[in-house]
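# Geometric and topological summary
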Amino acid sequence: MERVRMLVVEPSAIAPAGRLGEWLAAAGAELDVVRAPEIPAPSALDEYDALVVMGGGMGALDDLEHPWLADVRALLSAAVSRQLPVLAICLGAQLLAAATGGRVAPVKKGPEVGTLLVAKRDTAAEDPLFGALPLTPDVLQFHNDEVVRLPPSAQLLASSPACENQAFRVGICAYALQFHVETTPATVLDWAESMPEAASTARPGQLDFEHLERFHEELAETWEPLAERFVRLAATPVEQRTGTRALPMA
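Let me begin by describing the structure that accompanies this report. Since we're looking at a predicted model, the values are computed, not measured.

### Quick notes on the sheet that holds strand E2 (residues 29-35)
Read across the open sheet, the eight strands follow the order E2-E1-E3-E4-E12-E11-E10-E7; overall the sheet is mixed. At either end of the open sheet lies a strand with only one pairing partner, and these are E2 and strand E7 (119-120). As paired elements, strand E3 (residues 50-53) and strand E4 (residues 86-89) share three bridges and run parallel to each other. Bridge pairing links Val 52 to Leu 87 in E4. Across the sheet, helix H2 (residues 69-81) is in contact with strand E1 (4-10), E3, E4, strand E11 (167-170) and strand E12 (174-177); its angle to E3 comes to roughly 145°. Where helix H6 (residues 209-235) meets the sheet, its contacts fall on E1, E2, E3, E4 and E12, and the angle it forms with E1 comes to roughly 120°.

So, in structure tokens, the structure goes:
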């Protein structure tokens, strides 16, 4: 498999690509990481095989305070139009939805925080990235907003009792994950310290360091292989991407 180039956009210093970036690089991706407000124009995508957009503490439509959010949405819209593989995490997922006709709003039941599970939908069975996941994979949740209406071209891949649209695919190869898989225990504890009101909604013990250490070991077992599959997807020619589990072997 030829080495693939990925543009990684980090909207906030508190939510770096972290272990996801390490997994992508280990699988053969060359990562160009940029941090807001330095968002490239959509034409920059000509140089890349995939786009990754991470999370942040702002809302997906907080353009008044963060005008560069419109640039991230434009980048995501252009990637979808070009059928460029996208992996969008938390805020990135919300930005992808907003850029392609979905709607984002505060979570009705309040923040979703903790080491939780999501449930794969039946439609995920043949998906190139999600098909091989367990039925109820572990994820790290830490968000106040959610996607309340999917984009018209989206396929729902995973849900939870608190938020229905936990993971979805827009078109053939643009993936949105409302949850986190890239974190470390230290990252989560930093978020808990800086956002104590949201952290207080987690179940007792879920934000303890020892629990987070064990949890992140299991998280890697599930989600590092998905990162590897995303690199393989990015290396697959457009005409061979079908939206099913069938991908050329590396």
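### Thoughts on the nonpolar core
Side chains that are nonpolar tend, in soluble globular proteins, to be buried together. By size, the foremost hydrophobic cluster in this structure holds 51 residues, and its most contacted members are Met 6, Leu 20, Leu 24, Val 52, Phe 130, Trp 223 and Phe 230. Per-element accounting of this core gives the leading share, 11 residues, to H6. Once residues within four sequence positions are removed from consideration, Phe 130 is found in contact with Lys 120, Ala 124, Leu 157, Ala 158, Ala 167, Tyr 175, Leu 177, Trp 223 and Leu 226. In this structure, Leu 76, Leu 84, Ala 174 and Ala 176 belong to the second largest nonpolar core, which totals 32 residues.

### Here we look at the pattern of salt bridges
Counted by the stated rule, this structure contains seven salt bridges. The partner of Glu 10 in a salt bridge is Arg 35, and the shortest N-O contact between them spans 2.6 Å. In this pair, Glu 10 is assigned in strand E1 and Arg 35 in strand E2, connecting sequence segments 25 residues apart. Asp 63 serves as the salt-bridge partner of Arg 73, at 2.6 Å between the closest nitrogen and oxygen. Of this pair, Arg 73 sits in helix H2 while Asp 63 sits in the loop between E3 and H2, placing them 10 residues apart in sequence. Judged by relative accessible area, Arg 73 falls into the buried class, the value being 15%. Shared partners join several salt bridges into a network, and the residues in it are Arg 5, Asp 32 and Glu 47.

### Let's talk about the packing of aromatic side chains
Under the criterion given, the structure shown has four aromatic pairs. Ring geometry for Phe 130 against Tyr 175: centres 6.3 Å apart, planes inclined by 10°, an arrangement best described as stacked. Placement of Phe 130 in the loop between E7 and strand E8 (138-143) and of Tyr 175 in strand E12 is noted, with a sequence separation of 45 residues between them. No difference in accessibility class separates Phe 130 from Tyr 175, as the two residues are buried. Seen in terms of ring centroids, Phe 179 and Trp 223 are 5.4 Å apart; in terms of plane orientation they differ by 50°. Their pairing is tilted. Taken together, the residues span a long stretch of sequence, with Phe 179 in the loop between E12 and helix H4 (185-194) and Trp 223 in helix H6 at a distance of 44 residues.

Conventions we followed
- Residues numbered from 1 in each chain as written.
- Predicted model: local features only at pLDDT ≥ 70, side-chain atom pairs only at ≥ 80, totals over all residues.
- Heavy atoms only, no water.
- Pairing = 2+ DSSP bridges.
- Helix = DSSP H or I, 4+ residues; strand = E, 2+ residues; numbered from the N terminus.
- Contact = heavy atoms within 4.5 Å.
- Axes fitted to C-alpha atoms, helices over the stretch in contact; angles between N-to-C directions.
- Core = buried A, V, L, I, M, F, W, Y, C linked by side-chain atoms within 4.5 Å.
- Buried < 20%, exposed > 50% of the residue type's maximum accessible area, 1.4 Å probe, protein only.
- Salt bridge = Lys/Arg side-chain N within 4 Å of Asp/Glu carboxyl O.
- Phe/Tyr/Trp six-rings, centres within 6.5 Å; stacked < 30°, edge-to-face > 60°.

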